[in-house]
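Structural description and commentary
Chain by chain, the residues:
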Amino acid sequence: MSKQTFINLLAVLLFFIGSEVFAHPGSGIVVDRQGNIYFVDTGSGVWKIDLTGKLTRIPGPSYHWMAIDVDGRLANVKLPYFSSEDATVTRVGSNPTLLLSSDFPISVGRDGSLYYPWVNSEQQVQIFRIAPSGNTTVVKTLPPARSPSGELRWRNGIAVTSDGSIYYTEDRAVRKISPEGELTTVISDLNVPGCGSAAGVEPELGPYCRGIAVDSAGTVYVAAAGCGAVLRISTDKKVTTILHASSPWSPSAVAVSGNNLYVLEYIHTANENRREWLPRVRKVSSDGSVTTIATIDRQ
């Protein structure tokens, strides 16, 4: 084994020491240009909901995160692979191509590039960009972040807006990297009114902000899995709860399409049997009404 390979493997190991990422359901939902919805099921793989509401199982791994490459611009690009089957990104299907990530959130920007956080050999979390040309660059090295349970070695969700801004979530915060590379805080020390405990989520994670989406007006939507809620954060930083899931359901991901918000929720048991983690998808319409459009039943 070469010295560099050893360093990479050590970084992978240290990155996930103490991490709860393996113990929680998937956080991936996307919508294509036609309005078809795709989401990850940590217990069985990938599902599609077409325009008629038909639910179809798509061959693919039961990973945690998902992004969509609508134009196939990353078709010939070498995707991230970190000397471990548990730290990789893989393609599923074509037209559109779905990208599935096992252990770190991913997003595809309007420029066709793939964005994701990873840790370097010095244990610094960095945001990487892989361009359609295959060129990989570091967008930003993030400053250390802490929570009541200690230093954060991961980020829970990532979204890239049309102007190239990058948003990402921590357990109790949402931060933004501008196209010029400036790091700012959208919200921190987040407290959600009425936040109770969510099944399978450790109390020390607090709101446990996971999936994130940003609409064309700059409004941020966050799945606060630890509170069983979806939050809307306006451009003036006003936080509103727009959806409360009834226990044992809890949201893990969100996607904006037109005037609608799609929410991936899970029954998240405290057991490590992922087949018991049943997902469903709900739609929040512009008038605030909530509709369940698909639920997975293992039977």
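Below or above, wherever it landed, is the structure these notes cover.

1. Brief notes about the sheet that holds strand β1 (residues 29-31)
Spatial strand order, β1-β2-β3-β4: 4 strands in an open sheet with antiparallel pairing. The sheet is open, and its two edges are formed by β1 and β4 (55-58), each paired on a single side. In this sheet, adjacent strand axes meet at a mean angle of 25° when their direction is disregarded. Where β1 lies against strand β2 (residues 37-41), 3 bridges are found, and the strand directions are antiparallel. In the strand pairing of β2, Ile29 is matched with Phe39.

2. Thoughts on the state of the cysteines
Within this structure, the stated rule accounts for 1 disulfide. Here Cys195 is linked by a disulfide to Cys227, with a sulfur-sulfur distance of 1.9 Å. The disulfide joining Cys195 to Cys227 has a torsion of about -90° about its S-S bond and is therefore left-handed. Residue Cys195 is located in the loop between β17 (183-187) and β18 (209-214), and its partner Cys227 is located in the loop between β19 (220-224) and β20 (229-233); the two are separated by 32 residues in the primary sequence. The class for Cys195 is partly exposed, based on a relative accessible area of 33%. The exposure class assigned to Cys227 is buried, which follows from its relative accessible area of 7%. For Cys209, which is in no disulfide, the shortest distance to another cysteine sulfur is to Cys227 and amounts to 7.8 Å. A residue is classified by how much of its surface remains accessible, and Cys209, at 0% relative accessible area, is buried.

3. Let's talk about the pairing of strand β3 (residues 45-49)
For β3, a buried count of 4 out of 5 residues is recorded, marking the element as mostly surrounded by other parts of the structure. Where β2 and β3 come together, 5 bridges link them in antiparallel fashion. In the sheet register, Asp41 faces β3, and the bridge partner there is Gly45. Adjacent in sequence and paired antiparallel, β2 and β3 are bridged by 3 residues. Here β3 folds back onto β4, and the loop between the two strands holds 5 residues, one of which, Gly53, carries a positive phi near 95°.

4. Things to note about the pattern of salt bridges
Tallying each qualifying case throughout the model produces 6 salt bridges. Taking the shortest distance from any N to any O, the salt bridge between Asp111 and Arg129 comes out at 3.2 Å. You can see Asp111 sitting in the loop between β8 (107-108) and β9 (114-119) and its partner Arg129 sitting in strand β10 (residues 125-130), a full 18 residues away along the chain. A relative accessible area of 29% means that Asp111 is categorised as partly exposed. By relative accessible area, which is 24% here, Arg129 ends up partly exposed. Residue Arg175 is joined to Glu170 by a salt bridge in which the shortest nitrogen-to-oxygen separation is 3.0 Å.

5. Re the sheet that holds β17
Picture the strands of a sheet paired through backbone hydrogen bonds; they go either parallel or antiparallel. Here we have 4 strands laid out as an open sheet, ordered β14-β15-β16-β17, and antiparallel in their pairing. Where the open sheet ends on each side, the last strands, each with one partner, are β14 (157-160) and β17. Sheet twist, expressed as the mean angle between neighbouring strand axes with direction ignored, is 25°. With 4 bridges connecting them, strand β16 (residues 174-177) and β17 associate as antiparallel partners. Looking across to β17, one finds that Lys176 is bridged to Thr184.

6. Description of the environment of Arg274
Note that Arg274 resides in the loop between β23 (260-267) and β24 (279-284). Placed 250 residues apart in sequence, Arg274 and His24 show a C-alpha to C-alpha distance of 8.8 Å.

7. A word on the packing of aromatic side chains
Scanning the entire structure with this criterion turns up 3 aromatic pairs. Considering the side-chain rings of Phe104 and Tyr116, the 5.3 Å spacing of their centres and the 35° angle between planes classify their relative orientation as tilted. Of this pair, Phe104 sits in the loop between β7 (97-101) and β8 while Tyr116 sits in strand β9, placing them 12 residues apart in sequence. For the pair formed by Phe104 and Tyr116, the shared burial category is buried. Ring centres 5.3 Å apart and planes at 65° place the aromatic pair Phe104 and Trp118 in the edge-to-face group. One end of the pair, Phe104, is in the loop between β7 and β8; the other, Trp118, is in strand β9, with 14 residues separating them in the sequence. Each member of the pair, Phe104 as well as Trp118, carries the same accessibility label: buried. Clustering of aromatic rings is evident, with ring pairs tying together Phe104, Tyr116, Trp118 and Phe128. Taking the ring centre of Trp249 as reference, the NZ or CZ of Arg280 above it sits at 4.1 Å.

Criteria and cut-off values
- Residues numbered from 1 in each chain as written.
- Predicted model: local features only at pLDDT ≥ 70, side-chain atom pairs only at ≥ 80, totals over all residues.
- Heavy atoms only, no water.
- Pairing = 2+ DSSP bridges.
- Helix = DSSP H or I, 4+ residues; strand = E, 2+ residues; numbered from the N terminus.
- Axes fitted to C-alpha atoms, helices over the stretch in contact; angles between N-to-C directions.
- Disulfide = S-S within 2.5 Å.
- Buried < 20%, exposed > 50% of the residue type's maximum accessible area, 1.4 Å probe, protein only.
- Salt bridge = Lys/Arg side-chain N within 4 Å of Asp/Glu carboxyl O.
- Phe/Tyr/Trp six-rings, centres within 6.5 Å; stacked < 30°, edge-to-face > 60°.
- Lys NZ or Arg CZ within 6 Å of the ring centre and 35° of its normal.

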